[in-house]
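Listed below are the residues making up each chain.
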Amino acid sequence: MQIPAPFDYARATTVNDALALLERHPDSRVVAGGHSLLPMMKLRLARPEWLIDINDLYELDFILREGDYLRVGAMTRHTTLLESPEIARLFPIITDAERVIADPIVRNRGTIGGSLCQADPAEDLSTCCVVLRAEAVIRGPGGERTVSMSEFHRGPYETAVAQNEILVEVRFPILPRSGSAYEKVERRVGDWAVVAAGAAVSLAEDGTIDDVAIGLTAAGIDRTITEAEAVLHGKKPTEGLFIEAGRIAAAASDPIADQRGPVDYKRHLADELTRRVLRHACARALEVRHTTTQEG
Amino acid sequence: MTIIEEHPANPAAGDADRPIGYGRLQRKEDPRFVRGKGNYVDDIVLPGMLHGAILRAPVAHARLVSIDTSKALAHPGVKAVITGQDLLGLKLAWAPTLSADVQAVLVTDKVRFQGQEVAFVVADDRYSARDALELIEVDYDVLPPVVDVRKALDPGAPVIRDEIEGRTDNHIFDWEAGDKAECDAVFASADVVVSQEMVYPRVHPAPMETCGAVADYEPIDGTLTLYETSQAPHAHRTLFAIVAGIPEHKIRIVSPDIGGGFGNKVGIYPGYILAVVGSIVTGKPVKWMEDRSENLMSTSFARDYIMQGEIAATKDGKILALRTNVLADHGAFNATAQPTKYPAGFFHIFTGSYDLQAAHCKVTGVYTNKAPGGVAYACSFRVTEAVYLVERMVDILARKLEMDPAELRLKNLIKPEQFPYKNKTGWEYDSGDYATALRKSMDMAGYDELRREQKEKRARGELMGIGISFFTETVGAGPRKHMDIVGLGMNDGAELRVHPTGKAVVRISVQSQGQGHETTFAQIVAEELGIPPEDIDVVHGDTDQTPFGLGTYGSRSTPVSGAAVALVARKVREKAKFIAAAMLETRPEDLEWEKGRWFVKGDPSAGKTIAEISMGAHGTVALPEGIDGNLDAEVTYDPPNLTFPFGAYICVVDVDPGTGHVKVRRFIAVDDCGTRINPMIIEGQVHGGLTDGVGMALMQFIEFDAEGNNLGGTFMDYLIPTALEVPNWETGFTVTPSPHHPIGAKGIGESATVGSPPAIVNAVVDALAPFGIQHMDMPCTPARVWAAMQGRPRPPI
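Owing to the predicted nature of the structure, the values given are computational and were not obtained by experimental measurement.

## Regarding the pattern of salt bridges
Per the stated rule, a full pass over the model turns up 83 salt bridges over all chains. For the salt bridge of arginine 276 of chain A with aspartate 656 of chain B, the shortest nitrogen-to-oxygen distance reads 2.7 Å. One end of the pair, arginine 276 of chain A, is in helix H12 (residues 263-295); the other, aspartate 656 of chain B, is in the loop between strand E32 (646-655) and strand E33 (662-672), on a second chain. Classification of aspartate 656 of chain B as partly exposed rests on a relative accessible area of 22%. Measuring nitrogen to oxygen at the nearest pair gives 3.0 Å for the salt bridge that ties lysine 110 of chain B to aspartate 162 of chain B. In this pair, lysine 110 of chain B is assigned in strand E7 (residues 110-111) and aspartate 162 of chain B in the loop between strand E9 (137-142) and strand E10 (171-178), connecting sequence segments 52 residues apart. Lysine 110 of chain B sits in the buried class, given a relative accessible area of 1%.

Here it is as structure tokens:
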């Protein structure tokens, strides 16, 4: 049994209660699913004085469509995302990613909010949210603020959420004729990504690419790869363009060598997986377009 | 004689057709495990029990300058802090290993690997003990470490074991087997010679339950009761008597339910000794239970062999000879578990399953600044390394000769009429029908069809590989004239008592870590006496309750203790015959046995069952001269030879050409373990071992950085395969009984762990044939496979 350093524990009953507890205990961490934080505490890599448990905040466990947005509560579990037909239809990249996030036991507990706030460079949902151009809703003592994902991410293990704030919701814009996909290479199910890639595209009515976003996981880049996206804008998707985008994405990546692989291999994966997810995302977008046309 | 049987329709016998003897029978021990009622070491709570924790070295090589324990001692929960200096006073600072070396219990002079034991805290609870570790202040003078085993023997390399007088290098031993001159002569005149260096990387047994102990020293009468995670309680008792100076009759070792061993729990770790010292010092029972990282970083690793192999053959594919030089990394102390005479274990079985004219191996063992061990991880003393070497070499030869690897094997396998077969390094293989097993695996796989599919896929640029491995193990150590561990002969005992009502208890010296002893050994008695297995209790793991023996590892339980159990049951059966004769008022020679009863020849209605005879024995029957009033017996079994299980494995993989990811699509395992006692347990053992093989072949090894930091200290770094990485196992079998074993059984526990890694690697290398590579080292992770596809197979060490 691995034993953490001593800590105190409080269980919040509402978001406001959690905010008050955070205010009262400056050296505290919020725990949701706990599958990243608790192992770090057991290894004594994290040693908060207080744990604020937000597992009773059912008010943050929801998936709601509101106009052109899908609102996902921060306490939505991975399993809920994986099993949601609405997510699968609108944002298949999330379903793809959830299939390869950890294992069922972790997915039953882990939450989208916890994943984003942990901000591990090898975390999958961060990439999904970046390419879906999601927004994060953060609540603090002064009320709510909404930030883009690029503002949300401040680097490895760092986010825009201040110590006295909580991420309460993630908002995904719904675009017409869109498709998305995610693919990850891992040494074993449940391992962190060696490298993963995600892409989202939406097509204009004439089938040209209206908007596209490409992101990489565990490749040293947490923004969308605009230079690769540029070659696709306004063009009809072709294999040649995917190859070009893959090459640019690999060049833009900045992975580090570790036990999962050397830099050259990870760059190669950035290339290979970018091509694959673009191919897949475009195929899905065309399918949606086709279905919409038929229905129309 | 080989019998080929098909699977019976009924996977697990129901109440109606439960076997009395051998057959598929659900495990008797499982109800307590599936209900969470197992009793593991960490479940043991004694009145007043304290808890221990070990402070471990953060660096791989450093002189210990000073330790200040005053702050830790001031912690309100702490009862004692023990350092190496304290142990020096007790003459317990160093303990003998299983390989005639010594190992530091706590560091006195120098840290020799990262994670080495530096101090031991005893506290009221495990939280206080763990917290107090952070209050101990240690000053280290860091030294350059020896991490790369290839540089360990360089002149000028730091000397790790400088506490041994006169030692000026890191060399432990050189060991050879086979005739070098004869072998070199065959190589010199051979048509074809191929060579390959290959690494069997350092891996870890990683049992689900980590190691631990509860020591309870009773100062008034001087008795020590030690509950510990041990695969060999009797040998441990003798060693504790020698190490701690406590008289052996005052020591009781209890190895309760054990959550997996795989060799990890054969040796005596410093933690066990420290729990005992803690109990002596405090006068209270002390529990020590290591955490996962401690288990992975400090307890016995396995393998870590760099093997330079060479194989010689005629141009038409007759294999002539095999030779190899091995560099073996033994870590900081030579603590390998193996019979004394064999410092490289049974590696000299590397001639495998082939009829060779000559063979020679040389193994050089060296010290490095890594954790000690070198256990047989689910294999009989380095058979795994041996099988990997020969099966890779045969595949490389097949490629060179442009022959099908199955055809090359069929051409060279030892033939049934050659048994008992004496190989060129001193083994006498007991029995085998190798070609039949290989052909059966090929039939099950649809081998020709797979090769056709592969050809089509290759034409389309898809990477599919088919790998074969044919292995022979040497298990059931062993004959006492050749085999001992720290002077204890590798024999095992069994005691059988039949109670008056015909229920029985059999006490065995081997200890289950999940192998199903409580079922299998009951079935052996049931087969011999004809009483139902559920009427037979199997007692094991407690030195006060069981006869002496060397324990469970190296697939030795069934070959050694299984034989003892069969023989003790036969002894009881013979005794029963005399008592039955008295009861039936006839002569013993006029009786005939059928399963469960003795009856009068020619008059089957006149007979007595074992239960009736036992009641007679304990009752008022007038007993014949020399027969006493019970139905009990005991036996210690000294095996005349080892047993040689074998098997033919075929693996089919698909490799993603874009990512290098390997998917094991199919795996066919045909095993021959001789007589099959409980096929369901055998299949379970095979499934587990094959899964282990996937782990080693595709994802596992313990990596160190240049400073000697262990990079595999958690299960996020040291990967254990899951159901998602393994295919639906396709198992089959042949039955070639061992001629020298009382029931013809050979042992199965480790066959699959031994046989599967080369099948998987052969399949991966076969898939990569279009890239022109002849070898890649394990583990075949996506990154390494991709590197191999670029023509850059990187060795891990």
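## Observations concerning the domain arrangement of chain A
Interface size is commonly expressed as the accessible area that is lost once the parts come together. Residue and element names in this part refer to chain A. Taken as a whole, chain A is organised into domain 1 (8-53), domain 2 (58-173) and domain 3 (178-295). Measuring from the centre of the C-alpha atoms in domain 1 to the corresponding centre in domain 2 gives 19 Å. Facing 18 residues of domain 1, the contacting portion of domain 2 comprises 18 residues. At the boundary of domain 1 with domain 2, total buried surface from both sides reaches about 1,300 Å², with 62% on carbon and sulfur atoms. For domain 1, the biggest contributors to the area lost against domain 2 are Val15, Leu19 and His35; these three give 40% of the whole. In this assembly, domain 1 and domain 2 are joined by 3 residue pairs in polar contact (both at pLDDT 80 or more). Broken down by secondary-structure element, the contributors of at least two residues to the side of domain 1 that touches domain 2 are helix H1 (15-24) and strand E2 (28-31). Residue contributions to the side of domain 1 that touches domain 2 peak at 6 residues, all from H1.

## Section: the environment of glutamine 196 of chain B
Residue and element names in this part refer to chain B. In this structure, glutamine 196 sits in strand E11 (residues 192-203). Accessibility expressed as a relative area gives 15% for glutamine 196, which makes it buried. In the structure, glutamine 196 is positioned 193 residues away from leucine 389 in sequence and 9.4 Å away in space, judged by C-alpha atoms. Dropping the residues within four chain positions of it, glutamine 196 is found in contact with Met307, Gln308, Gly309, Met393, Ile396, Gln774 and His775. Polar side-chain contacts of glutamine 196 include one of 2.6 Å to the side chain of glutamine 774.

## Regarding the interface of chain B and chain A
If you look at the interface, chain B gives 30 residues, while chain A gives 28 residues. Summed over both partners, the interface of chain B with chain A buries about 2,500 Å², with 55% contributed by carbon and sulfur atoms. Taken together, the connections running from chain B to chain A amount to 4 salt bridges. Viewed at the interface, chain A and chain B are joined by 12 residue pairs in polar contact (both at pLDDT 80 or more). Broken down by secondary-structure element, the contributors of at least two residues to the side of chain B that touches chain A are helix H4 (126-133), helix H8 (292-298) and helix H18 (782-789) of chain B. Among the elements that line the side of chain B that touches chain A, the one with the most residues is H4 of chain B, at 4 residues.

## Looking at the packing of aromatic side chains
Residues and elements named next belong to chain B. Counted according to the given criterion, the structure contains 26 aromatic pairs over all chains. Note on tyrosine 272 and tryptophan 288: the rings are 6.1 Å apart at their centroids and 65° apart in plane angle, and the pair reads as edge-to-face. On the criterion of sequence distance, the pair formed by tyrosine 272 in helix H7 (residues 270-282) and tryptophan 288 in strand E15 (residues 286-289) is long-range, its members being 16 residues apart. Classification of tyrosine 272 by relative accessible area gives buried; the value is 0%. When the centroid spacing of 5.4 Å and the interplanar angle of 75° are considered together, the rings of phenylalanine 419 and tyrosine 434 count as edge-to-face. On the criterion of sequence distance, the pair formed by phenylalanine 419 in the loop between helix H10 (405-412) and strand E20 (421-422) and tyrosine 434 in helix H11 (residues 434-445) is long-range, its members being 15 residues apart. Each of the two residues, phenylalanine 419 as well as tyrosine 434, counts as buried. These aromatic residues form a ring-pair network of at least three members: Trp175, Tyr342, Phe346, Phe381, Tyr421, Trp427, Tyr429, Tyr553 and Phe644.

## Considerations on the confidence of the model for chain B
Of the residues in chain B, 97% have a pLDDT of 70 or more, and the chain-wide mean is 95. The ipTM assigned to the predicted complex is 0.95, against a pTM of 0.96.

## Here we look at the environment of alanine 93 of chain B
Residues and elements named next belong to chain B. Structurally, alanine 93 is set in the loop between helix H3 (84-90) and strand E5 (94-96). For the pair alanine 93 and phenylalanine 346, spaced 253 residues apart in sequence, the C-alpha separation works out to 31 Å. Dropping the residues within four chain positions of it, alanine 93 is found in contact with Gly84, Leu87, Leu88, Gln103, Ala104, Val105, Leu106 and Thr108.

## Regarding the side chain of aspartate 484 of chain B
Residue and element names in this part refer to chain B. Residue position: aspartate 484 is located in strand E23 (residues 484-485). Lysine 341 provides the closest opposite charge to the buried, unpaired aspartate 484, separated from it by 7.9 Å. Polar contacts involving the side chain of aspartate 484 include one to the side chain of threonine 340, which spans 2.5 Å. Here the side chain of aspartate 484 touches glycine 487 through a polar contact of 2.8 Å, landing on its backbone nitrogen. Apart from the residues within four sequence positions on either side, aspartate 484 is in contact with Gln338, Pro339, Thr340, Gly489 and Met490.

Conventions and cut-offs
- Residues numbered from 1 in each chain as written.
- Chains lettered and ligands numbered in written order.
- Predicted model: local features only at pLDDT ≥ 70, side-chain atom pairs only at ≥ 80, totals over all residues.
- Heavy atoms only, no water.
- Salt bridge = Lys/Arg side-chain N within 4 Å of Asp/Glu carboxyl O.
- Helix = DSSP H or I, 4+ residues; strand = E, 2+ residues; numbered from the N terminus.
- Buried < 20%, exposed > 50% of the residue type's maximum accessible area, 1.4 Å probe, protein only.
- Domains from an automatic or database assignment.
- Contact = heavy atoms within 4.5 Å.
- Buried area = accessible area lost by both parts, 1.4 Å probe.
- Polar contact = N/O pair within 3.5 Å; in protein donor to acceptor, adjacent residues only side chain to side chain.
- Phe/Tyr/Trp six-rings, centres within 6.5 Å; stacked < 30°, edge-to-face > 60°.
- pLDDT = per-residue confidence, 0-100.
- Lys, Arg positive; Asp, Glu negative; His and termini not counted.

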